[in-house]
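Fold and contact review
So you can see what is in the structure, the chains are spelled out below.
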Amino acid sequence: MKELICITCPKGCHLKVDEETFAVTGNSCPRGAVYGANELRNPVRVVTSTVVLESESFRRLPVKTDRAIPKAKMFEVMAEIAKVRVHAPVRVGDVLIANVAGTDGNVVATRSVKE
Amino acid sequence: MTKAELVIIGGGPAGLAAALSAWESGVKDILILERDRQAGGILNQCIHNGFGLHYFKEELTGPEYAGRFIEMLRGTDVRVRTDTMVLDLTADRILHTVSPEHGYEAIRAGAIVLAMGCRERTRGAISIPGARCSGVFTAGAAQRFLNIEGYMVGKRVVILGSGDIGLIMARRMTLEGAKVLACVELMPYSGGLNRNIVQCLNDFDIPLYLSHTVTDVRGKDRLEQVTVSKVDENRRPIPGTEMVFDCDTLLLSVGLLPENELSRQAGVEIDPRTNGPRVWENCETSIPGVFACGNVLHVHDLVDYVTAESMRAGEAAAKFIQAGGETGDGVELQNGDGVGYTVPQHFRRDVSDKLQIFFRVRRIYRDAFISVYDGERRIARFKREHMAPGEMENITIPAMFLKHITGGPLTVRIEED
Amino acid sequence: MIYDVLVVGCGVVGAACAYSLSRYDLRVGILEASNDVANGTTKANSAIVHAGYDPLPGTAMAKFNVLGNAMMPDLCRRLDVPFSGCGSLVLSLAPEDDAELQKLYAQGEANGVPGQRLLSAAETLALEPNVNPDVRSALYAPSGGIVNPWELCYAMAETAVRNGADLHLESPVTAIEKSEAGYRLTTPKGVFEARFVLNCAGVAADRIAAMIGDESFRIQPTKGEYFLLDKSEGKRVGRVIFQCPTKAGKGVLVAPTVHGNLIVGPDAAPCAPEDTANTPAGMAYVRTSALRSVPSINFRENIRNFAGVRANSDHPDFILGESRAAKGFFHLAGIRSPGLTAAPALGEEAVRWLREAGLALTEKANFRDGRRRIRFHELSDEEKNELIRQDPRYGRVICRCETVTEGEIVAALHTPIPPTTVNGVKRRVGAGMGRCQGGFCGPRVQEIIARELGMDQTEVLMDWPGTWVLCGETKGGASHDEG
């Protein structure tokens, strides 16, 4: 059994999830069951970080993955992000790395910098 | 003297939202004064996501959330003056400002919105014993170094306090290659959101020590060790429970304090419970025409609530400019059992359609009621499955419920039965 | 080159010696172990200008306390050092204190303390309404005061350097040998030779003495812990409030600071020379004792704890004068309270010794005394505007709590003794001294230091050597292991 804290609402139910059947106990609503099963089947996270920015005003540009990527790939994604250098101008939403680490997610700028 | 209809002190999420709503309410001469080099406030360094679920119905990062408001203001004539510090504020709404571009300048404002935000409690505020070595940072300062400047403050980290900034920094430091050894919380519960406990600590197997605190800091030059001890129910360290962590960095996430030095200078009445101004239901302070919103009023945990509150403040400031001040009988609000404070602290009985009250509970409650009493008479009751001090609560009382109150203070309290 | 005089240690005593010597046509060198001056006891003490009733009559402590006290107002005016002659009160809080007050009064009379008088309880409370209402009487000394101790040290050391003294930082003396001219002092930064040596090494003074075979005294480092409270508590008292000294020590004081804060402390505990850690017991003692004097202190407004190490010694008095073991080698050692007050007078005294020892003293024709620094927040509106017109950096407030501008920080970084650390800047201009303790301005101060001094930001330290702040850049930027 895997123990988890449910994050779908502030109650924070302590869930127990069967690692083979993905059956969830300890939840107080159906959303908790879905969350618990997903966390074991295919846990995903949005990764946010910064990349080196060549600009007059800032040294770093904030970025994120534009979708949740597999949790197990977080550090692989970070390694890809570390290789990027961006030159201003850049606009929020600009794709800086497409299909990062084979996750189908893109790393995008989360801020616009003019110069 | 320079004049402006509405001056907003602070260009963070509160100031930006107040400006936008005042503009939409018809005020055309709006000036935002921002001390930093750019608008956006603390959101600029909060590069993680999770902002905007209420307001934009999508998950944004801090810079994206701020960027949307800055973008919306581009379509208006609202002026944002950055690199500008307000040195003094007087009760007759004169602001003494200084900036490299405009020098020293006094500005007379028709109305003012205070939106200066908050600051972090420091090592001194909680008198952590031990050496005066380097390596002890407030979590927010470390966050600025990491996310804005691009520097790491250390490699082996202990975090004191499980507030959201501390939790977020645990993940950020880990992703950037540091080893976070522990997150230590004085209280028996975390001050942060569950989501952050799970995704910032549990995801990286970082232990959370509840009912523990840092009892010693060692290091001749740079931090070398911290001692963590369990505390008893009176929050006093229990001898014999010490754990020693070899680390080079201690991050403090031990609370936020509204920054009301300017408000005090002007003579705005401050509520010792919130450390923010005492306000009416429209965010007006004890000085007519001076409004307050966001973290300068009380510390929020969701920027979406800051936005909503600031929209109300901006709208009220606009009404003040256009139609003059509100009058009418005031009714005091007070906090009863289990409630730490209320915002607003008082309201006018002829409140238009509803009264929204924000507060924090003093401990964790399950299946409890928020009750509002007029003397002995309960006028409203709200059920909550779960309440925690880390999560701001709010209730909305329809105006019709307030029609027949006696005029004495209303009390908000928590009832379990 | 052979120096006429080498001053070992640049705390307030060493700086006072260098300042007094810099009036004369001499080659003066200063060797400081740390990376900045004022980095030991001088930066962590009560910041009090004592009136002079504490030391026993006839002691050097009594003499130089009263002399230094009299010099202080004019010296601080000349060197632009914050000083306030706010006066001091010693409270009698118990029947046994009454005799002690009488004794202090008599000592004050013998020592020549001007204007002191005993006050009734009512008079005391009229002066200081927030002291313990059970106060019985008090000794009032109008010549007591407060000063910024590190700025006094900077001002004197800067003036010495501006007038030709050589300051060698990060130069702890590791060996001393007799030379033909006088003495040769070895440091990691080189070997320095001088005809005369002044030992102003504070808590290290006995180790310096031992290097020339003088083991006539031992320093007993004694730690004192403090609270520094926010300016919201700064008006709790208007004068320095002492308790009666007891067998346990001089007792805890409560005083305003020249910055407008409230300082509370110290206790006294033997310690290692570099031990500036705060302890739960020390802090609890200071808090409890202070509340006896001023019950209404709100310790929730505390912004910083710190501890200072005093150079107490096994002698009851300051250790002053030529070493018996080494001609031309002079001690200014065991300088604890009232050392800060005495320092300017001790500097003058050292000059007298050297003259008597045969050093020819010719006054410099072009001695440049005096020093000014801009304190933006003290300027009038017109002056602020004019200054910003000349240099827009004075319009950029970096430290919001203390209203310190970029212009002031840049100016400090180009003084004769430029700070190279975040706390060095803090002590020069006050940035980071306020209620947020550098939480907001720390990163920006660090950036300005790096820019102005041509350093990498990761090289900028918090304070003394080894106190690194940043361990490297993210994303494979330049990263160096701090080892």
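Scoring rules and cut-offs
Residues numbered from 1 in each chain as written. Chains lettered and ligands numbered in written order. Predicted model: local features only at pLDDT ≥ 70, side-chain atom pairs only at ≥ 80, totals over all residues. Helix = DSSP H or I, 4+ residues; strand = E, 2+ residues; numbered from the N terminus. Rg over C-alpha atoms; globule rule 2.2 N^0.38 Å. Buried ≥ 20, exposed ≤ 12 C-beta atoms within 10 Å, placed from the backbone. Contact = placed C-beta atoms within 7 Å. Pairing = 2+ DSSP bridges. Axes fitted to C-alpha atoms, helices over the stretch in contact; angles between N-to-C directions. Domains from an automatic or database assignment. Nonpolar A, V, L, I, M, F, W, Y, C, P; charged D, E, K, R; others polar. Expected span 1.5 Å × (residues − 1). Arc of directions from axis to C-beta. Parallel < 35°, antiparallel > 145°, perpendicular 65-115°, else oblique. Left-handed = near helix turned anticlockwise from the far one by under 90°.

Time to look at the overall build of chain B. A tally of regular secondary structure across chain B gives nine helices and 29 strands. By the compact-globule yardstick of 22 Å for 417 residues, chain B fits well, its C-alpha radius of gyration being 22 Å. On the principal axes, the C-alpha backbone points of chain B span a range of 65 × 60 × 40 Å. Looking at chain B as a whole, 56% of its 417 residues qualify as buried. In chain B, of all internal contacts separated by at least 6 residues, the share reaching a separation of at least 24 is 65%.

Once that is clear, we can look at the sheet that holds strand β17 (residues 243-246) of chain B. Residues and elements named next belong to chain B. Judged by pairing direction, the sheet is antiparallel, and its three strands sit side by side in the order β15-β16-β17 without closing on themselves. Single-partner strands in this sheet number two, and they are β15 (212-218) and β17. Along the sheet, successive strands turn relative to each other by an average axial angle of 25°, direction set aside. Sheet analysis places β15 next to strand β16 (residues 225-230), joined by six bridges and oriented antiparallel. Of the residues in β16, the one forming a bridge with arginine 218 is glutamine 225.

All names here are of chain B. Domains assigned within chain B are domain 1 (2-119 + 256-326), domain 2 (122-252) and domain 3 (334-415). Distance from the C-alpha centre of domain 2 to the C-alpha centre of domain 3: 35 Å. Listed per partner, the contact involves five residues of domain 2 and four residues of domain 3. Broken down by class, the residue content of the side of domain 2 that touches domain 3 amounts to two nonpolar, three polar and no charged.

Next up on the list: the interface of chain C and chain B. Often the size quoted for an interface is simply the accessible area lost on bringing the parts together. Taken together, the 47 residues of chain C in the interface contact 38 residues of chain B. When residues of the side of chain C that touches chain B are traced back to their parent elements, those giving at least two are α7 (280-293), β18 (302-313), α9 (381-390), α12 (442-453) and β23 (472-473) of chain C. Along the lines of polarity and charge, the residues of the side of chain C that touches chain B split into 18 nonpolar, 18 polar and eleven charged.

Before going further, it helps to examine the sheet that holds strand β18 (residues 249-252) of chain B. Residues and elements named next belong to chain B. Pairing in this open sheet of five strands is parallel, and the strands run β10-β18-β12-β13-β14 from one edge to the other. This sheet does not close on itself; its edge strands, each paired only once, are β10 (136-138) and β14 (208-210). Pairwise comparison of adjacent strand axes, ignoring direction, gives a mean angle of 20° for this sheet. Relative to β18, strand β12 (residues 156-160) runs parallel, the two being bridged by four bridges. Residue pairing for β18: leucine 160 is matched across the bridge by leucine 252. Lying on the sheet, helix α4 (residues 139-149) is in contact with β10 and β18; it crosses β10 at an angle near 90°.

Before going further, it helps to spend a moment on the environment of alanine 82 of chain A. Mapped onto the secondary structure, alanine 82 of chain A falls in helix α2 (residues 74-82). Among the residues examined, alanine 82 of chain A registers 17 C-beta atoms within 10 Å and is labelled partly exposed. Spatially, the C-alpha atoms of alanine 82 of chain A and alanine 23 of chain A are 39 Å apart, while their sequence positions differ by 59 residues. With residues up to four places along the chain from it excluded, the contact list for alanine 82 of chain A reads Lys475 and Gly476 of chain C.

Residue and element names in this part refer to chain B. With twelve residues, helix α1 (residues 13-24) should reach 16 Å at 1.5 Å per residue; the first-to-last C-alpha distance of 17 Å fits that figure. Within α1, eleven of the twelve residues are buried, which leaves the element mostly enclosed by the surrounding structure. Of the positions making up α1, those classed as buried are Pro13, Ala14, Gly15, Leu16, Ala17, Ala18, Ala19, Leu20, Ser21, Ala22 and Trp23. Immediately beyond the C-terminal end of α1, within one or two residues, lies glycine 26, with a positive phi of roughly 110°.

Opposite the 22 residues of chain B that make contact, chain A presents 21 residues. Listed by contribution, the elements that provide at least two residues to the side of chain B that touches chain A are α2 (62-74), α4, α6 (194-201) and β27 (377-387) of chain B. With five residues, α6 of chain B is the largest single contributor of residues to the side of chain B that touches chain A. The residue inventory of the side of chain B that touches chain A, partitioned by class, reads seven nonpolar, nine polar and six charged.

On to the pairing of strand β13 (residues 219-229) of chain C. Residue and element names in this part refer to chain C. Most of β13 sits out of view: ten of its eleven residues are buried. Strand direction decides the pairing type here: β13 and β18, joined by eleven bridges, are antiparallel. Each residue of the ladder has a partner; that of tyrosine 226, found in β18, is phenylalanine 306. Pairing of β13 with strand β17 (residues 269-270), which is carried by two bridges, proceeds in the antiparallel orientation. Residue lysine 223 lies in a different strand from β17, and its bridge partner there is alanine 269. The pairing of β13 with strand β16 (residues 262-265) spans three bridges and is antiparallel. Across the sheet, the residue bridging to leucine 229 is leucine 262, located in β16.

A turn of α-helix holds 3.6 residues, and therefore any two residues three or four places apart point the same way. Residue and element names in this part refer to chain A. Taking 1.5 Å of rise per residue, the twelve residues of helix α1 (residues 30-41) would be expected to cover 16 Å, and the 17 Å separating its terminal C-alpha atoms lies within 8% of that figure. Of the positions making up α1, those classed as buried are Gly32, Tyr35, Gly36 and Glu39. Projected down its long axis, α1 shows its buried positions confined to an angular sector of 95°, all on one face. Turned more than 90 degrees from where α1 packs its buried face, Pro30 and Arg41 sit exposed. The inward-facing, buried residues of α1 abut β1 (2-5), β2 (14-17) and β3 (24-25).

This part covers the packing of helix α1 (residues 12-21) of chain C against helix α5 (residues 149-162) of chain C. All names here are of chain C. Two elements in contact, α1 and α5, have axes whose closest approach is 8 Å; the angle formed by their N-to-C orientations is 30°. Here α1 lies roughly parallel to α5, going by the angle between them. In the packing of α1 onto α5, the handedness of the crossing is left-handed. Residues Val12, Ala15, Ala16, Ala18 and Tyr19 of α1 touch α5, and the partners they reach there are Pro149, Leu152, Cys153, Met156, Ala157, Thr159 and Ala160. Residue composition of the contact of α1 with α5, by class: eleven nonpolar, one polar and no charged.

The next thing to look at is the packing of α1 of chain C against helix α8 (residues 339-356) of chain C. All names here are of chain C. The geometry of α1 relative to α8 is characterised by a closest axis approach of 8 Å and an angle of 35° between their N-to-C directions. Here the hand of the crossing between α1 and α8 comes out right-handed. Of the residues in α8, those touching α1 at Val12, Val13, Ala16, Cys17, Tyr19, Ser20 and Leu21 are Gly339, Leu340, Ala343, Pro344, Leu346, Gly347, Glu348, Ala350 and Val351. Grouping the constituent residues of the contact of α1 with α8 by class yields twelve nonpolar, three polar and one charged.

Residue and element names in this part refer to chain C. Annotation of chain C at the domain level lists domain 1 (83-145 + 222-309) and domain 2 (376-459). Measuring from the centre of the C-alpha atoms in domain 1 to the corresponding centre in domain 2 gives 32 Å. The interface is formed by four residues belonging to domain 1 together with four residues belonging to domain 2. Its residues placed into classes, the side of domain 1 that touches domain 2 shows one nonpolar, one polar and two charged.

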